[in-house]
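As a plain string of letters, each chain reads:
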Amino acid sequence: MDSTGSSLIREAAQIIKRGGIVAFPTETVYGLGANAFNPLAVARVFEVKKRPYFDPLIVHVARSADLEKLAVEIPSDVKKLIERFWPGPLTVVLRKKEEVPDIVTAGLSTVAIRMPDHPIALSLIEEVESPVAAPSANPFGYLSPTSAEHVREQLGHQIDLILDGGPCRVGVESTIIAFSGERPELLRPGGLALEEIESIIGKVDARRIEEEKPGAPGMLVTHYAPRTPIMLQRGYQTPEAFKGKKVGFLAFRKPGEEMRVQPVEVLSEKGNLREAAANLFAAIRRLDSLNLDLIVAEPVPEAGLGRAIMDRLRRASGKGE
Ligand code: TXA
Ligand code: MG
């Protein structure tokens, strides 16, 4: 049976209801879900990912009404945004209700919430009849999975079930906006372009860097990193420039004839940012499996989904921020 089948989704929901953990597809990346109101199950998610407990999880809902189970108050800007963009790659951080377990929010007074735009994710959450806490389904610090195969390779033997929904349409994680302070703040650029968000609620500030605590604790500098070092560099140099190192290239668009280098992964032949985002993690994973000494990545324009792509490339190269 194909895993989009409703009986498999029902089985997955039963597993989560009994305190198990299940990997499931969303439009952004695959998540590793547990019942958000079952702290023991959530603890297993942290354990399997080897994720530090100071890094809170996103709670996934299947209907906007569920916001009320999680947040004390829903600002009018949030109402406008979710009306327009949910289900979709937008996560909002709101002041949390006491009932939300501390392990989910890493003891913060806020909770991150999103409604994924994927039929399997939505029916799973519906069947669980409770919000589902889910980080990306990868070991902590590694790239997020954009296919069931990626999840299987890295966490397969440690989780109760993987729902296979094929490759993720968006390919980078959700955009996170915090509404816990005086003004909305961008905590993580992602699958929904900042421009689209600003067209509804006006200017959104980037997280203030002088803040003591990082806005999204998961935004560590070397996050989303492959094993192979990545270097961001505009234009190709000849492979000789890398002194006998085995180098692979991550090209944004199709390189010209004079730039015939191997191995190369082209994110989008025509230079389309959406397509590039959708291909990003799988392309890096393929290069990462070749035992190269270095991956040289071509920068992409920093607008629309290009912000999320550049953010992930900088972090993968250890030069976040
Ligand atoms: O697209 C996505 O967002 C995917 C899919 C599965 O929904 N999820 C995802 O989760 O990327 P994760 O755990 O890999 O990243 C969640 C980020 C982390 O950087 C975390 O620190 C931040 O969200 N976060 C969670 N709760 C927060 C809170 N209360 N305040 C600030 N940041 C928070
Ligand atoms: Mg993650």
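Note that this is a predicted model, so its numbers are computed, not measured.

What the protein chain contains, in helices and strands, is 10 helices and 14 strands. The burial tally for the protein chain puts 58% of its 321 residues in the buried class. Summing over all exposed atoms, the protein chain offers an accessible surface of approximately 14100 Å²; the carbon and sulfur share of this is 50%.

Consecutive residues of a regular strand have side chains that alternate between opposite faces of the sheet. Neither face of strand β8 (residues 175–178) is left uncovered, since the one carrying Thr175 and Ile177 and the one carrying Ile176 and Ala178 both have all their residues buried. With 4 bridges joining them, strand β4 (residues 90–95) and β8 adopt parallel strand pairing. Each residue of the ladder has a partner; that of threonine 91, found in β8, is isoleucine 176. Across 3 bridges, β8 lies against strand β9 (residues 185–188) in antiparallel orientation. By the bridge assignment for β9, isoleucine 177 is matched with leucine 186. Hairpin geometry of β8 and β9 is characterised by an intervening segment of 6 residues between the two adjacent antiparallel strands.

Below, the discussion takes up helix α8 (residues 194–201). Within the sequence span of α8, burial applies to Leu194, Ile197 and Ile201. Angularly, the buried residues of α8 cover 65° about the axis, an arc narrow enough to put them on a single face. Remark: glycine 202 follows α8 within two positions and exhibits a positive phi of approximately 80°.

Here we come to the sheet that holds β9. Spatially, 10 strands are ordered β7-β1-β2-β6-β3-β5-β4-β8-β9-β10 in an open sheet, and the strand pairing comes out mixed. A strand with exactly one partner marks an edge of an open sheet, and here the two such strands are β7 (161–162) and β10 (205–206).

On the basis of which strands lie adjacent, the open sheet formed by 4 strands has the order β11-β14-β12-β13 and parallel pairing. In this open sheet, the two edge strands, each paired with only one partner strand, are β11 (230–232) and β13 (264–266). For this sheet, the mean inter-axis angle between neighbouring strands, taken without regard to orientation, is 20°. Of the pairings in the sheet, the one linking strand β12 (residues 247–251) to strand β14 (residues 294–297) comprises 4 bridges and is parallel in character.

With 2 bridges connecting them, β9 and β10 associate as parallel partners. When the bridges of β10 are listed, leucine 186 appears paired with alanine 206. With α8 bridging β9 and its parallel neighbour β10, the resulting β-α-β unit is right-handed.

Time to look at the side chain of threonine 91. Along the polypeptide, threonine 91 turns up in strand β4. Of the polar contacts made by the side chain of threonine 91, one reaches the side chain of serine 174; its length is 2.7 Å. Discounting chain neighbours no more than four positions away, the residues touching threonine 91 are Ile58, Ala112, Ile113, Arg114, Ser174, Thr175, Ile176 and Ile177.

This model, assessed by the stated rule, comprises 22 salt bridges. In this structure, aspartate 160 and arginine 44 form a salt bridge, with 3.1 Å as the shortest nitrogen-oxygen distance. Residue aspartate 160 is located in the loop between α7 (148–155) and β7, and its partner arginine 44 is located in helix α2 (residues 39–49); the two are separated by 116 residues in the primary sequence. Given a relative accessible area of 37%, aspartate 160 falls into the partly exposed group. A salt bridge links lysine 69 to aspartate 66, with the nearest nitrogen and oxygen atoms 3.2 Å apart. A cluster of three or more residues bridged by salt bridges with shared partners is formed by Glu173, Asp311, Arg312 and Arg315.

Look at helix α9 (residues 273–288): 22 Å from first C-alpha to last across 16 residues, which is about the 22 Å you get at 1.5 Å a residue. Its maximal kink placed at leucine 280, α9 deviates by approximately 45°. For α9, the tally of buried residues reaches 12 of 16 residues, placing the bulk of the element in the interior. Buried within α9 are the following residues: Leu273, Ala276, Ala277, Ala278, Leu280, Phe281, Ala282, Ala283, Ile284, Arg285, Leu287 and Asp288. One side-chain oxygen of the residue at the start of α9 lies 3.0 Å from the amide nitrogen of arginine 274, identifying that residue as asparagine 272.

About the criteria used
- Residues numbered from 1 in each chain as written.
- Chains lettered and ligands numbered in written order.
- Predicted model: local features only at pLDDT ≥ 70, side-chain atom pairs only at ≥ 80, totals over all residues.
- Heavy atoms only, no water.
- Helix = DSSP H or I, 4+ residues; strand = E, 2+ residues; numbered from the N terminus.
- Buried < 20%, exposed > 50% of the residue type's maximum accessible area, 1.4 Å probe, protein only.
- Areas by Shrake-Rupley, 256 points an atom, 1.4 Å probe, with all protein chains shown as cover.
- Pairing = 2+ DSSP bridges.
- Arc of directions from axis to C-beta.
- Axes fitted to C-alpha atoms, helices over the stretch in contact; angles between N-to-C directions.
- Right-handed = clockwise from strand over helix to strand, strands pointing away.
- Polar contact = N/O pair within 3.5 Å; in protein donor to acceptor, adjacent residues only side chain to side chain.
- Contact = heavy atoms within 4.5 Å.
- Salt bridge = Lys/Arg side-chain N within 4 Å of Asp/Glu carboxyl O.
- Expected span 1.5 Å × (residues − 1).
- Bend = angle between axes of the 7 residues up to and from the residue.

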